[in-house]
Amino acid sequence: MKRRTSDLVFDFIQNKILAGEWKAGEKITSELPLAKELGVSRNSVREAIEKMVILNILSKKKGGGTFVREVSESTIFNDLIAHVTLEKDNYLDILQFRKGFEMQNIKLFLKNADDEDIKELEEVYLKMEKLKNDSEKFAFYDAEFHRVIARGTRNSIIIKISDILFNLLVFHQKTLNVMLGSESGIRDHKLVLEALKEKDVDLSLFFMKKHINRTIKDVEQIQKEEKENQE
């Protein structure tokens, strides 16, 4: 598969950071000069930078440019998915990964979580319900619901991977919520929450799997409609 130009820009910026040429807190080269230096379009540079902002590698200051964030363990883990492009096609790959990932998380959550974790999960769900008409905030708490479950597993690797997925899920889920609304998401998360509160492993797994399968179906339907509109 031919690599996107924005991925090459991503590699260039990442290598500058890893080599210590662009240090934490420093401003990187602006879009236009960087595009000229690399011989690519400004859109490709912008796409790569936006991706790195979402992955918490860079931060943007309005009117002030783009800066390197402080290096942390989560930044290092981001390298595992550094080339995941933020498109719906790739979102299906993420969702397929989550089918297994979330199932394991449910099992470990029920084994290791305490009452405070359940309480936090319920609070996040209530915020989802309250903010169902605000696609951006709803997407945040939708992804946070899954991150609370990951934290409840008490597994450091799962927690780090969940932190990486969090920003990607918010990005994609926001688009889905605009197109499809939030009602099905609220319903799915309530069923998962109630099953977890009852400590019913089988039912929790069933509803989580159903939720992810429904999301996959929604994404596939959107892709199909977009393809038909382009033809």
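Data block above holds the structure.
Residues numbered from 1 in each chain as written. Predicted model: local features only at pLDDT ≥ 70, side-chain atom pairs only at ≥ 80, totals over all residues. Heavy atoms only, no water.

Novice: Quick one: what's the story with helix H6 (residues 115-130), residue by residue and with numbers?
Specialist: Taking 1.5 Å as the rise per residue, H6 with 16 residues should run 22 Å; its terminal C-alpha atoms sit 23 Å apart, in good agreement. Taken as a whole, H6 has its buried residues at Asp 117, Ile 118, Leu 121, Val 124, Tyr 125 and Met 128. Across the axial projection of H6, the buried residues extend over an arc of 125°, all falling on one side. Turned more than 90 degrees away from the buried face of H6, the exposed residues are Asp 115, Glu 116 and Lys 130. Among the residues of H6, the N-terminal cap falls to Asp 114, whose side-chain oxygen and the backbone nitrogen of Glu 116 are separated by 3.1 Å. (Helix = DSSP H or I, 4+ residues; strand = E, 2+ residues; numbered from the N terminus. Expected span 1.5 Å × (residues − 1). Buried < 20%, exposed > 50% of the residue type's maximum accessible area, 1.4 Å probe, protein only. Arc of directions from axis to C-beta. Polar contact = N/O pair within 3.5 Å; in protein donor to acceptor, adjacent residues only side chain to side chain.)

Novice: Go over unusual backbone geometry, please, and point to the residues and values.
Specialist: At Arg 154, a position not held by glycine, the phi torsion is positive, near 65°. Located in the positive-phi region is Lys 199, a residue other than glycine, with phi close to 60°.

Novice: I'd like a description of the nonpolar core, backed by residues and values.
Specialist: Core analysis: the biggest nonpolar cluster contains 59 residues, and Ile 13, Ile 17, Leu 58, Leu 121, Phe 145, Ile 149 and Leu 196 have the highest contact counts within it. Ranked by residues supplied to this core, first place goes to helix H5 (residues 88-112) with nine residues. Setting aside chain neighbours within four positions, we find Leu 58 in contact with Ile 13, Ile 17, Ile 28, Ile 49, Met 52, Val 53, Thr 66, Phe 67, Val 68 and Arg 69. (Core = buried A, V, L, I, M, F, W, Y, C linked by side-chain atoms within 4.5 Å. Contact = heavy atoms within 4.5 Å.)

Novice: Tell me about the layout of surface pockets, and please be specific about residues and values.
Specialist: In this approach, a probe sized like a water molecule rolls over the atoms, and the result shows the empty space that is left. Volume-wise, the largest pocket comes out at about 250 Å³. Forming the walls of the largest pocket are Ile 54, Glu 136, Lys 137, Phe 140, Phe 166, Asn 167, Val 170, Phe 171 and Lys 174. Going through the elements one at a time, helix H7 (135-152) and helix H8 (156-180) are the ones with two or more residues in the lining of the largest pocket. In terms of residues, the lining of the largest pocket owes the most to one element, H8, which gives five residues. The class makeup of the residues in the lining of the largest pocket is five nonpolar, one polar and three charged. (1 Å grid on protein atoms, 1.4 Å probe; cavity = no way out; pocket = protein on both sides within 12 Å on 5 of 7 lines; lining within 4 Å. Points joined across faces, edges and corners; volume = space filled by probe spheres on them. Nonpolar A, V, L, I, M, F, W, Y, C, P; charged D, E, K, R; others polar.)

Novice: Can you lay out the pattern of salt bridges for me, pointing to particular residues and giving the numbers?
Specialist: Should their charged atoms come close, side chains of opposite charge can pair. Throughout the structure, instances matching the rule amount to 18 salt bridges. Where Arg 147 meets Asp 163, a salt bridge forms, and the shortest distance between an N and an O atom there is 3.4 Å. One end of the pair, Arg 147, is in helix H7; the other, Asp 163, is in helix H8, with 16 residues separating them in the sequence. A residue is classified by how much of its surface remains accessible, and Arg 147, at 18% relative accessible area, is buried. Here Asp 188 and Arg 214 are joined by a salt bridge, their closest N and O atoms 2.8 Å apart. Placement of the pair is Asp 188 in helix H9 (residues 183-197) and Arg 214 in helix H10 (residues 201-230), with a sequence separation of 26 residues. A network of salt bridges, in which partner residues are shared, links Glu 31, Arg 42, Arg 46, Glu 50 and Lys 60. (Salt bridge = Lys/Arg side-chain N within 4 Å of Asp/Glu carboxyl O.)

Novice: Can you lay out a nonpolar patch on the surface for me, pointing to particular residues and giving the numbers?
Specialist: Together, Val 178, Met 179 and Leu 180 line one region of the surface with nonpolar side chains, adding up to about 280 Å² of accessible area. Secondary-structure assignment places Met 179 in helix H8. (Patch = residues over 30% accessible without salt bridge, like charges linked within 9 Å, V, L, I, M, F, W, Y side chains within 5 Å. Areas by Shrake-Rupley, 256 points an atom, 1.4 Å probe, with all protein chains shown as cover.)

Novice: Provide a residue-level description of the packing of helix H2 (residues 31-38) against helix H3 (residues 42-54), including the pertinent values.
Specialist: Two elements in contact, H2 and H3, have axes whose closest approach is 8 Å; the angle formed by their N-to-C orientations is 115°. When the interaxial angle is binned, H2 and H3 end up roughly perpendicular. Seen from above, H2 lies across H3 with right-handed handedness. Side by side, H2 and H3 meet where Glu 31, Leu 32, Leu 34 and Ala 35 of the first sit next to Arg 42, Val 45, Arg 46 and Ile 49 of the second. Classifying every residue of the contact of H2 with H3 gives five nonpolar, no polar and three charged. (Axes fitted to C-alpha atoms, helices over the stretch in contact; angles between N-to-C directions. Parallel < 35°, antiparallel > 145°, perpendicular 65-115°, else oblique. Left-handed = near helix turned anticlockwise from the far one by under 90°.)

Novice: Could you give an account of helix H1 (residues 5-18), with specific residues and numbers?
Specialist: An ideal rise of 1.5 Å per residue puts 20 Å on 14 residues; H1 measures up with 20 Å between its terminal C-alpha atoms. For H1, the elements touching its buried residues are H2, H3, strand E1 (58-61) and strand E2 (65-68). After H1 finishes, the residue Gly 20 shows a positive phi value of roughly 85°.

Novice: Describe the packing of aromatic side chains, naming the residues involved and giving the relevant values.
Specialist: For the structure on display, the rule yields five aromatic pairs. Between the aromatic rings of Phe 12 and Trp 22, the centroid separation amounts to 6.3 Å while the plane-to-plane angle is 80°, which identifies the pairing as edge-to-face. Of this pair, Phe 12 sits in helix H1 while Trp 22 sits in the loop between H1 and H2; the two residues are ten residues apart in sequence, bridging distant segments of the chain. According to the relative accessible area criterion, Trp 22 is buried, its value standing at 11%. Centroid distance Phe 140 to Phe 166: 5.3 Å. Interplanar angle 90°. Geometry classified as edge-to-face. Taken as a pair, Phe 140 in helix H7 and Phe 166 in helix H8 lie far apart in primary sequence, 26 residues in all. Taken together through their ring pairs, the aromatic side chains of Phe 140, Tyr 141 and Phe 166 make up a single cluster. A cation sits over an aromatic face here: Lys 61 above Phe 67, 4.5 Å from the ring centre. The lysine or arginine in question, Arg 147, covers the ring of Phe 166, its NZ or CZ lying 3.7 Å from the ring centre. (Phe/Tyr/Trp six-rings, centres within 6.5 Å; stacked < 30°, edge-to-face > 60°. Lys NZ or Arg CZ within 6 Å of the ring centre and 35° of its normal.)

Just geometry here; none of it tells us what the structure is for.
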